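# Architecture and fold: a report
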Amino acid sequence: MSTSVAVTSGKGGTGKTSFTAAVGSCLAALGQKTLCIDMDIGLRNLDIALGMSDLAVMDFTDVIQGRCAFDRAAVEHPKIPGLFLLTAPLSLPPEITGQHVSALVAQAKEVFDFVLIDCPAGLGDGFRLASGAVDRAVVVSMTEPSALRDAQRTVMELSPQLEVLHLVMNRVQPRMIRKLHTNIDQAMNTAGLPLLGVIPEDPKVTLAAAEGTPLILAARKGAAVAYLNIAKRLMGRRVPLMMT
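Overview of the structure. As the structure is a computational prediction, the values presented were derived from the model and not from experiment.

### Description of the pairing of strand β5 (residues 114–118)
- Of all five residues in β5, five are buried; the element is thus mostly enclosed.
- Here strand β1 (residues 3–8) runs beside β5; their pairing, made up of five bridges, is parallel. Bridging from a neighbouring strand, S4 pairs with V115 of β5.
- The pairing of strand β2 (residues 34–38) with β5 spans five bridges and is classified as parallel. Paired with I37 across the strands is I117, a residue of β5.

### Thoughts on the environment of D38
- By secondary structure assignment, the location of D38 is in strand β2.
- For D38 and P89, which are 51 residues apart along the polypeptide, the C-alpha to C-alpha distance reads 8.8 Å.
- When neighbours within four sequence positions are excluded, D38 is seen to be in contact with R44, N45, L46, F60, L86, T87, A88 and D118.

### Focus on unusual backbone geometry
- Positive phi, normally seen in glycine, also occurs at R171, with a value near 55°.
- Tracing the chain through its elements places R171 in strand β7 (residues 164–172).
- The class of R171 is partly exposed, set by a relative accessible area of 40%.

### Things to note about the packing of aromatic side chains
- A full pass over the atoms with the stated rule returns three aromatic pairs.
- Consider the rings of F19 and Y227, whose centres lie 6.1 Å apart with planes at 65°: the pair is edge-to-face. Within this pair, whereas F19 is found in helix α1 (residues 16–29), its partner Y227 is found in helix α11 (residues 223–234), the two being separated by 208 residues in sequence. You'll find F19 and Y227 in the same group, each marked buried.
- Three or more aromatic residues joined by ring pairs form one cluster here, namely F70, F84 and F112.

### As for the packing of α1 against α11
- Put simply, α1 and α11 touch, their axes get as near as 8 Å, and they point 65° apart. Taken together, the axis directions place α1 and α11 in an arrangement best described as roughly perpendicular. Note that α1 runs across α11; the crossing there is right-handed. Contacts between α1 and α11 involve S18, F19, A22, V23, C26 and L27 from the former and Y227, L228, I230, A231 and L234 from the latter.
- Here the contact of α1 with α11 is composed, by residue class, of 10 nonpolar, one polar and no charged.

### A look at the pattern of salt bridges
- Here the structure, examined in full by the defined rule, presents six salt bridges.
- Across the salt bridge formed by K16 and D118, the nearest N and O atoms sit 3.1 Å from each other. Of the two residues, K16 sits in helix α1 while D118 sits in strand β5, which places them 102 residues apart along the sequence.
- Here D135 makes a salt bridge to K109, at a shortest N to O gap of 2.8 Å. You can see D135 sitting in the loop between α6 (125–131) and β6 (136–141) and its partner K109 sitting in helix α5 (residues 98–109), a full 26 residues away along the chain.
- Take D135: its relative accessible area is 36%, and that puts it in the partly exposed class.
- Given the relative accessible area of 25%, K109 is considered partly exposed.

Cut-offs applied
Residues numbered from 1 in each chain as written. Predicted model: local features only at pLDDT ≥ 70, side-chain atom pairs only at ≥ 80, totals over all residues. Heavy atoms only, no water. Buried < 20%, exposed > 50% of the residue type's maximum accessible area, 1.4 Å probe, protein only. Helix = DSSP H or I, 4+ residues; strand = E, 2+ residues; numbered from the N terminus. Pairing = 2+ DSSP bridges. Contact = heavy atoms within 4.5 Å. Phe/Tyr/Trp six-rings, centres within 6.5 Å; stacked < 30°, edge-to-face > 60°. Axes fitted to C-alpha atoms, helices over the stretch in contact; angles between N-to-C directions. Parallel < 35°, antiparallel > 145°, perpendicular 65-115°, else oblique. Left-handed = near helix turned anticlockwise from the far one by under 90°. Nonpolar A, V, L, I, M, F, W, Y, C, P; charged D, E, K, R; others polar. Salt bridge = Lys/Arg side-chain N within 4 Å of Asp/Glu carboxyl O.

Rendered as structure tokens:
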């Protein structure tokens, strides 16, 4: 059964775009036909994270407004079969509504096993357009109290409309991962979500993005393993939280 997932955060800088690119890549590598939709309108970077800047020409509003067929606008990754990108426009036409976005996601779910939507940070109109069209959401946060507070605000916005919400703790210092056992309950209680995964701080994430290479093609340990485990959990597999 196809699943649509909004990847969101209460504030910028938590790594939600890197998360979308990395988990989308892992899902495709695991045999799941996956579409990543960039809805961070005006600040789109998902094409860079996936190494597809020169390939994504048409955006999701071109599909909604009938200027381009869906299967032409959604571009397949040149090195990862089954991974597709539908990019964001530089600005959103005022006539685009939540109903349009919901119809687009429903159309995508007829073709793809997973549809991941990279939402804009914060709780503005772009966030509402994206989050209102999905089955579940992943809130990406860090361990700082301010990030967790913003994650909690995001949860309060999402919980009335979505039954399945997850928390991901990102950019955790490796030396803290063993100690994180004592903080996980507090983080989960603060955000009000079950924990989907813990991603360690890893310089290879930044290096891979700078080179325009999906992390799964650039690394086999650290954050790459954490992302792969999260992809497996989204598929319904039981995988222990990565704590090494």
